[in-house]
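# Architecture and fold: a report
Here are the chains, one letter per residue:
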Amino acid sequence: MNSARLIGIVGTYGVVVALAALVLFGFLRYERFLGFFNVMSVLRYNSMFALVALGMCFVIMTGGIDLSVGSVAALGSVASALASPHGIAAGVAAGVGAGLAAGLINALLVTRANLMPFIATLATMLAASGSALLLAGNQSVSVSYDSGFTAIGQGNFWIFPIPAVIALVAYVVGSVVLNYTSTGRTVLAIGGGEDASRLMGLRTDRIKFLVYVASGCLAGLAGVVLASQFGAGQPIEGVGWELSAIAAVVVGGTLLTGGSGSVMTTLAGVLLLGILFNILNFENGLGWISLSAYWQSVIRGLFLLVVVLLQARLTGRRGSWPATTSGP
Amino acid sequence: MITQPDQAALLLDMRDIQKRFAGIPALAGASLQVLPGEVHALIGQNGGGKSTLIKVLTGYHRRDGGQVLFEQRPFEVGSPHEAQVSGISTIYQEINLVPLRSVTENICLGREKRRRGLLDWSAMHAEAERLLSRFSIRIDVRRPLGDFNTATQQMVAIARAIGFSARLVIMDEPTSSLDEREVSVLFSVVRQLKAEGVSVLFVSHKLDELYEVCDRVTIMRDGHTVRSAAMSDIGKLELVAAMLGRDVAVVDGHATAFGARDRSRIGDVLFTAQGLSAGQSVRNVTFDVRRGEIASFAGLLGAGRTETARLVFGADRLKAGEMTMERASYHPERAADAIAAGMGFCTEDRKAEGIVPEMTVAENITLALLPKISRNGILNEDRQREIVARFIRDLGIKCSGPNQKVRELSGGNQQKVLLARWLAMNPKLLILDEPTRGIDVGAKGEIQRLILKLADDGLGVLMISSEIEEVMEGADRIFVLREGVSVAELEGQAANVEDVLAAMAHGGSPVEAAA
């Protein structure tokens, strides 16, 4: 094994090692850290971010970015809350539909109008946020508790939270798509060189269209989970979600410039950031230090900075992130 | 001049192709006929339109006029993907693959193997290995393409192209990054393809290669086809003359604004280079420049002219060879060393490497000079104004004033701004790479007179130009480069154009250096 390959493995699986270390730290320090209640609530809460990060992961792997995910999730939560009296299916369809619409707009702006993804999705972010507030009448929209809609966010499948199961299924599907379909491999090829991919005869616009639509749908689904879990459609939620999602993707070893990445380590990235947040809460509870939510933001920001600097250091040597796997 | 093969037998027939970019014609009446199972050379100088013609054929650009028949049927494709499906595969000049992804993906993406709807990786790895084994290449196809050297990447690109079972394979300068052994492997594959009835369109600037592997040749110049012939019917000298648009038999009068020179003004030796080499593109180049002299590199595209200039300027790393500047040993590690030694370098690509279009004339002229006219980081605006005014006046830069944006100036005036930037540094040696490319005729003359005046004032000039007239009439001495080797040194102005062309074509010159 040469050194380049070793660096690649550290880069990709470093997140898993860090995750394990963090869990061990929490287990040794806090009594209830690995307790059933805490584990399940961490999984339940973070499944929304996991869904958003999955879409973001695919977008970033093409070399793009989707800044609209947070406000699209908020819009999805409002739409699904409004539809929730008509049943679970209606609620899900409304939330995912809202996400689909936003994703279509992003996809058209990026592939047809040739706008930079940064600008296109920024515009959609503002528009979605405004639409959510308009639709909700500037306040939270309570969901119907009679139609069974809340089961999506609050229910369990056997002992596991349903949103966590949804997220896990989404990640397994995402991983298969990335590793075992031409669509997935083309996503990576585009990120590694869009012009080259086009000259190779790959249908770059079609694939880019797909990833933005997928990202919108997943953000809409996250909105459904949000509304169902907290009992209300929340038009002002979702602020900063895009940054958390980008952070999770990057911490998971995916290159911010595209071309190299992995779905499952993105999930590890989501869990890493979620558990870090969880640990800060425990630390608060111990009473040694008192960390306000603002301080937690600062600490998470510093953590992300360290990870990105480490990535840059590891990749800087070669100028590119060495891909460890080219599929199984 | 264009011989017409039997039309019914043609594999590809492109006629009267037109293509404009922003109103400027890149192709004006280009034509190309390729027979089934032949290796067809496509040659021409930089800007001749070869690459554009290929990109029109493969659907990367949409043509503005003309017709294309492929296998006797009208051929209309909107993308490289469609061209590939229709039987035309292309290997582009710059390797257009994805270095981050594995060799297998780079070969197989676009025609993946599947089992039960999902990608069958083991079959794809095996396919990639099988295709590469035709080139006797055995590598770990699971590793990222970027791990391998350029030659291997080139072979991967070729493996990809032939893997599509194409009926026409286009190779745009496939040998530029290959060594001799790899070239011979490539040629055997080309012959193999030919034996299988596949046609190859072969673009190269290495004439010997064309004669070794090609059956027929099409020559392009200024966006149109000037000649098409069997390789056996056309000599090297004729080929070069047709490419450069120079009739061998006729040496006409003055085509440039370089007048007769007062050679007494040429001084002592300023710069010498001995046996420079840096890999494939520059292998053994020796030349020198005197004070007040215009020395020039002549050579075909790919002869190593720009690459040599980059070595001199410290932009690329030298592998072997010695240089001196003002009789002192000179080893530039980076461009800053060259500038400190008194050199300037106006690059070939004004837009990408030179001017900053959104900045003003004044800012562009003094960009490199800022540290010298600032004190404690504060710009001395009086000095800046004074310098800028002097250059606008001396070089005759036509602009509304120092504060006009460079973007708004004509090509010729942009070039003058770039010249002014270097001259403001007071260089002793100025390297000019294609100083008049993309400039209209009137402005060309002005730039040429300016170069002459600079030399008269004692500046050593190293000029690279693809326009043979510019070299013939402007240079005091001509160094002919051929495939990275300096093959001849000729006295400028006195030199015979036939000698220069012969040196470019054959390597040796019938009349050795006049000196």
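The name given to chain B in an unreviewed UniProt entry is ABC transporter related protein, and the organism recorded there is Mesorhizobium ciceri biovar biserrulae. UniProt lists a comment for chain B under the heading Subcellular location (unreviewed entry), and it reads "Cell membrane". A UniProt comment under Sequence similarities (unreviewed entry) is attached to chain B, and it reads "Belongs to the ABC transporter superfamily."

The name given to chain A in an unreviewed UniProt entry is ABC transporter permease, with Mesorhizobium ciceri as the source organism.

This paragraph deals with the overall build of chain B. Within chain B one finds 17 helices and 24 strands. For a compact globule of 515 residues, the expected C-alpha radius of gyration is about 24 Å, and chain B comes in at 25 Å, within 12% of that figure. The dimensions of chain B, computed from C-alpha atoms along their principal axes, are 75 × 55 × 45 Å. Here chain B, with 515 residues, has 55% of them falling under the buried criterion. Counting contacts in chain B only where the partners sit at least 6 residues apart, residues at least 24 apart contribute 66% of the total. Total accessible area on chain B is roughly 21000 Å²; 48% of this is exposed by carbon and sulfur atoms.

Residue and element names in this part refer to chain B. Partitioning chain B into domains gives domain 1 (7–244) and domain 2 (269–506). Its C-alpha centre places domain 1 at a distance of 34 Å from the equivalent point of domain 2. Together domain 1 and domain 2 conceal approximately 1400 Å² of surface at their shared face, both sides included; 62% is due to carbon and sulfur atoms. Our enumeration of links across domain 1 and domain 2 arrives at one salt bridge. Here Asp 208 ties to Arg 482 by a salt bridge, and the two come within 3.1 Å at their closest N and O atoms. Counting the contacts that link domain 1 with domain 2 gives one residue pair in polar contact (both at pLDDT 80 or more). Going through the elements one at a time, helix H7 (207–213) and helix H8 (236–244) are the ones with two or more residues in the side of domain 1 that touches domain 2. With six residues, the top contributor of residues to the side of domain 1 that touches domain 2 is H8. Looking at side-chain class alone, the side of domain 1 that touches domain 2 contains seven nonpolar, three polar and five charged residues.

What follows is about the interface of chain A and chain B. Facing 34 residues of chain A, the contacting portion of chain B comprises 28 residues. Interface area for chain A against chain B, summed over the two sides, is near 2600 Å², with a carbon-plus-sulfur share of 59%. Along the contact surface separating chain A from chain B lie one salt bridge. Between Arg 185 of chain A and Glu 105 of chain B there is a salt bridge, and its shortest N-O distance comes to 3.0 Å. Across the contact surface, chain A and chain B share 10 residue pairs in polar contact (both at pLDDT 80 or more). Counting residues per element, the side of chain A that touches chain B draws most heavily on helix H8 (residues 182–192) of chain A, which supplies six residues. Considering only residue class, the side of chain A that touches chain B consists of 12 nonpolar, 16 polar and six charged.

Turning our attention to the sheet that holds strand S16 (residues 320–325) of chain B. Residue and element names in this part refer to chain B. Reading across from one edge, S14-S13-S16-S17 is the order of the four strands in this open sheet, with antiparallel pairing throughout. Each having just a single partner strand, strand S14 (285–290) and strand S17 (328–329) make up the two edges of the open sheet. Pairing of strand S13 (residues 269–277) with S14 involves five bridges; the strand directions are antiparallel. Its bridge partner lying in S14, Thr 272 is registered against Asp 288.

Residues and elements named next belong to chain B. Among the structural elements, Ala 455 can be located in helix H15 (residues 441–456). Under the relative-accessibility criterion, Ala 455 is labelled buried at 0%. Put simply, Ala 455 and Ile 294 are 161 residues apart on the chain and 6.5 Å apart in space, counted from C-alpha to C-alpha. Residue contacts for Ala 455: discarding those within four places in its chain leaves Arg 261, Gly 292 and Ile 294.

Turning to the pattern of salt bridges, a few remarks are in order. Residue and element names in this part refer to chain B. Tallied over the entire structure, the rule returns 38 salt bridges over all chains. In this structure, the salt-bridge partner of Arg 101 is Glu 105, at a minimum N-O distance of 3.4 Å. The partner of Glu 326 in a salt bridge is Arg 291, with the nearest N and O atoms 3.3 Å apart. Taken together, the residues Glu 326 in the loop between S16 and S17 and Arg 291 in the loop between S14 and strand S15 (294–298) connect sequence positions 35 residues apart.

Here we come to the environment of Thr 366 of chain B. Residue and element names in this part refer to chain B. The topology assignment puts Thr 366 in helix H12 (residues 361–366). On the accessibility criterion, Thr 366 (0% relative accessible area) is buried. Residues Thr 366 and Arg 421, spaced 55 residues apart in sequence, show a C-alpha to C-alpha distance of 6.1 Å. Beyond its immediate chain neighbours, meaning those up to four positions away, Thr 366 contacts Ile 373, Gln 384 and Val 388. At 2.8 Å, the side chain of Thr 366 forms a polar contact with the backbone oxygen of Ala 362.

Rules used throughout
Residues numbered from 1 in each chain as written. Chains lettered and ligands numbered in written order. Predicted model: local features only at pLDDT ≥ 70, side-chain atom pairs only at ≥ 80, totals over all residues. Heavy atoms only, no water. UniProt positions renumbered as here; feature names shortened; annotations may be inferred. Helix = DSSP H or I, 4+ residues; strand = E, 2+ residues; numbered from the N terminus. Rg over C-alpha atoms; globule rule 2.2 N^0.38 Å. Buried < 20%, exposed > 50% of the residue type's maximum accessible area, 1.4 Å probe, protein only. Contact = heavy atoms within 4.5 Å. Areas by Shrake-Rupley, 256 points an atom, 1.4 Å probe, with all protein chains shown as cover. Domains from an automatic or database assignment. Buried area = accessible area lost by both parts, 1.4 Å probe. Salt bridge = Lys/Arg side-chain N within 4 Å of Asp/Glu carboxyl O. Polar contact = N/O pair within 3.5 Å; in protein donor to acceptor, adjacent residues only side chain to side chain. Nonpolar A, V, L, I, M, F, W, Y, C, P; charged D, E, K, R; others polar. Pairing = 2+ DSSP bridges.

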